[in-house]
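# Examining the three-dimensional arrangement
Here are the chains, one letter per residue:
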Amino acid sequence: MVLEFINNVLWSSPVVYTLLGVGLIFSLLTRFLQVRHLKDMFTLMFSGKKSDAGVSSFQALSVALAGRVGTGNIAGVASAIYFGGPGAVFWMWAIAFLGASSAFIESTLAQIYKDKQNGQYRGGPAYYIEKGLGVKWFAILFAVAALVAMSVLMPGVQSNSIAAAVNNAFSIPTWATGLFLVLVLGLIIFGGIKWIANTAAFIVPFMAIGYMLMAAIIIFMNLSAVPETIALIFRSAFGMDSLFGGLLGSAISWGVMRGVYSNEAGQGTGAHPAAAAEVSHPAKQGLVQAASVYIDTLLVCSATAFMILFTGMYNTQGPEEGTHVFEAIPGVEAGPQFTQEAINQVFPAFGTGFVAIALLFFAFTTIMAYYYIAETNIAYLMRGRNAAWPMVVIKLLLLGATYYGANRTAANAWLLGDIGLGLMVWINIIAIVLLAKPAMIALKDYEAQKQQGLDPVFDPKKLGIQHATFWETYEKGPDKNAS
C-alpha cells in the first residue's frame, strides 16, 4: 500500500534515531536548559500579559498544550505499549526530556522572527525558515506540509479516538459524535485566535488536572506495584526483560514516534502559538514551551502508562504480526479501551465513561489547535493578498476531515496522522538544526540579563541577529506591554 510505504520511509529507524540525536545535541549546546532553567520554565508561564495583537504566555502555552495533550496521551500511549511493550514508555520519557530543548529552540526562533499581520502576531517554522535561512521555497514547502497535515491528515486521529471511546462508553453512533464535534468546533474556529486561546486556557488546565488526579488515585491504590512497574519499564527499554526483551527495536521506535506525536517537540506545531505570545524576550516563551513538553509527556502520558501497567490491562504484539507476547484483554484493539479497562479495574463501570469524557476534551482541543496552526500557515502563504476565502476553505476541510475521521477505522486514521506528523518533522528538524545559532544567542542574552538582575528585553541589532523585523521596531511601537 502506497500510504504504508510513505509512512515507513518517514518513520524509518534513521529518522527515529535522528530525533533522539538532535534532542541530545540541543541539550548539550544549551547545557541542559531543561534542568538549569526548570524554575523559569514554570514561573514564566504566568508572567506574560496579553495585548490587542498577542496573547499571554499562559494562553499561548494553553494553545500549545491543546495541540500536545490529545489522543496521543491516551490512545497513543496504549499503541506504544501494544507495539513496543512497557519499554516504549521509557523512550517516550527520553524523547520528552531531550525534546524539551528542541521545543525551546523552535519556539524561541518563532518569537525572534515573528511578524505582525492584520493586527495579530504570526510566526512559526515557515516564518523563521524564510527570514532566518533566506530560503523561501523551503518555507513554502513547510507551510504547505503543515496545511495538509493540520487540516486533512491529522484531525481524523483525534475525532476517531473520541468517537470510538464515546461509542464504547455510551453506545452513541460514531456519525452522531462526528456531527457534534463539527458543530461545536465550527463555532469556535470561526471566532478566531482569541476564541481559541480563551477556550484552551479554560479547558486545558481543567482536563489535565482531572485526568492526573484519577491517575494519582490509581497509583496510590497500587503503591506496592510501583517499584516492579518502573523496573519492568527500564528492563524492557533495554531488552533485558525475559518477556519483552525481543522488542527492543520496537520499544525505541514506537516510544519515540508516539512520544513525538504526543509532545510534538521538533515538529514545529508548538512554535505557532509561541509566536503569538506577548513577551519582552523570545527566550521567555521558548522556556515556557519547553515546560509544555514536560507537562504533556512526563505528567499526562506517564499517568496513562502507569494506569495501564499497574492494572495489567494491555496487550503487546509479538515480533510476528498476529502473535502476542502478553495478552490480558483478548480482542481489545490498542487505543483508549486499554485505559478504560484499567480504570474499570479500580472503579468498575466508571472508567469507560471517564476516559470517553477525558478524551473528548483532550482531542477536541487538539483539533482546535490544529486549525490555528493551519490558519497561521495560510496567513504566511497569503501575505499581501486577501486570505478570507482560503481561510474559509481550510475551516471546511478541517471540519470535513474531523467528521470523516470519526467514521473510519483507527488503523487508517493513525496511518494518515503519522504521515502528516512525519512530513512536518522532517522539514522542521532540518530547519532548526541549521538555525540553532540565533536561538542560542537569545538564550545567552536572556541569561546574561537575568544575572544582572534585569527583566530581559530583546534587542536583535545589539546581538547581531538580522531580519528580526518585528523586534527592530518593538520598543518604539504601541505594544510595549510585555512582562
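A few points on the structure. (Residues numbered from 1 in each chain as written. Predicted model: local features only at pLDDT ≥ 70, side-chain atom pairs only at ≥ 80, totals over all residues. Heavy atoms only, no water.)

### Digging into the overall build of the protein chain
Counting its regular elements, the protein chain contains 23 helices and four strands. Radius of gyration (C-alpha) of the protein chain: 21 Å, near the 23 Å computed for a compact globule of 483 residues. Principal-axis analysis of the C-alpha atoms gives the protein chain an extent of 65 × 45 × 40 Å. Counting only carbon and sulfur atoms, one obtains 67% of the accessible surface of the protein chain, whose full area is about 17700 Å². Separation between the mean location of the 26 positive side-chain charges and that of the 25 negative ones in the protein chain comes to 13 Å. (Helix = DSSP H or I, 4+ residues; strand = E, 2+ residues; numbered from the N terminus. Rg over C-alpha atoms; globule rule 2.2 N^0.38 Å. Areas by Shrake-Rupley, 256 points an atom, 1.4 Å probe, with all protein chains shown as cover. Lys, Arg positive; Asp, Glu negative; His and termini not counted. Charge placed at Lys NZ, Arg CZ, Asp CG, Glu CD.)

### Thoughts on unusual backbone geometry
Of note in the backbone geometry, phenylalanine 32 takes a positive phi value of approximately 55° without being a glycine. Along the chain, phenylalanine 32 falls in the loop between helix H2 (13-29) and helix H3 (33-36). At alanine 349, a position not held by glycine, the phi torsion is positive, near 70°. The exposed category is assigned to alanine 349, whose relative accessible area is 73%. (Buried < 20%, exposed > 50% of the residue type's maximum accessible area, 1.4 Å probe, protein only.)

### So, a nonpolar patch on the surface
A surface patch of nonpolar side chains, amounting to about 420 Å² of accessible area, comprises Ile140, Val144, Val148, Val152, Val393 and Leu397. Elements supplying a minimum of two residues to the nonpolar patch: helix H9 (136-153) and helix H19 (388-406). By residue number, the principal contributor to the nonpolar patch is H9, which donates four residues. Mapped onto the elements of the fold, isoleucine 140 is located in helix H9. Residue classification places isoleucine 140 among the partly exposed residues on the basis of a relative accessible area of 33%. (Patch = residues over 30% accessible without salt bridge, like charges linked within 9 Å, V, L, I, M, F, W, Y side chains within 5 Å. Salt bridge = Lys/Arg side-chain N within 4 Å of Asp/Glu carboxyl O.)

### A short note on the side chain of serine 302
Along the chain, serine 302 turns up in helix H16 (residues 282-311). For serine 302, a relative accessible area of 6% puts it in the buried group. Separated by 2.7 Å, the side chains of serine 302 and tryptophan 93 make a polar contact. Within polar-contact distance, the side chain of serine 302 engages the backbone oxygen of leucine 298 at 3.0 Å. Beyond its immediate sequence surroundings of up to four residues, serine 302 is in contact with Trp93 and Thr297. (Polar contact = N/O pair within 3.5 Å; in protein donor to acceptor, adjacent residues only side chain to side chain. Contact = heavy atoms within 4.5 Å.)

### Looking at the packing of helix H10 (residues 155-170) against helix H11 (residues 174-189)
In contact at an axis separation of 9 Å, H10 and H11 are set at 130° when each is read in the N-to-C sense. It follows from the interaxial angle that H10 and H11 lie oblique. Judged by the twist between their axes, the crossing of H10 over H11 is right-handed. Of the residues in H11, those in contact with Ser159, Ile162, Ala163, Val166 and Asn167 of H10 are Thr174, Thr177 and Leu181. For the contact of H10 with H11, the per-class residue count stands at four nonpolar, four polar and no charged. (Axes fitted to C-alpha atoms, helices over the stretch in contact; angles between N-to-C directions. Parallel < 35°, antiparallel > 145°, perpendicular 65-115°, else oblique. Left-handed = near helix turned anticlockwise from the far one by under 90°. Nonpolar A, V, L, I, M, F, W, Y, C, P; charged D, E, K, R; others polar.)

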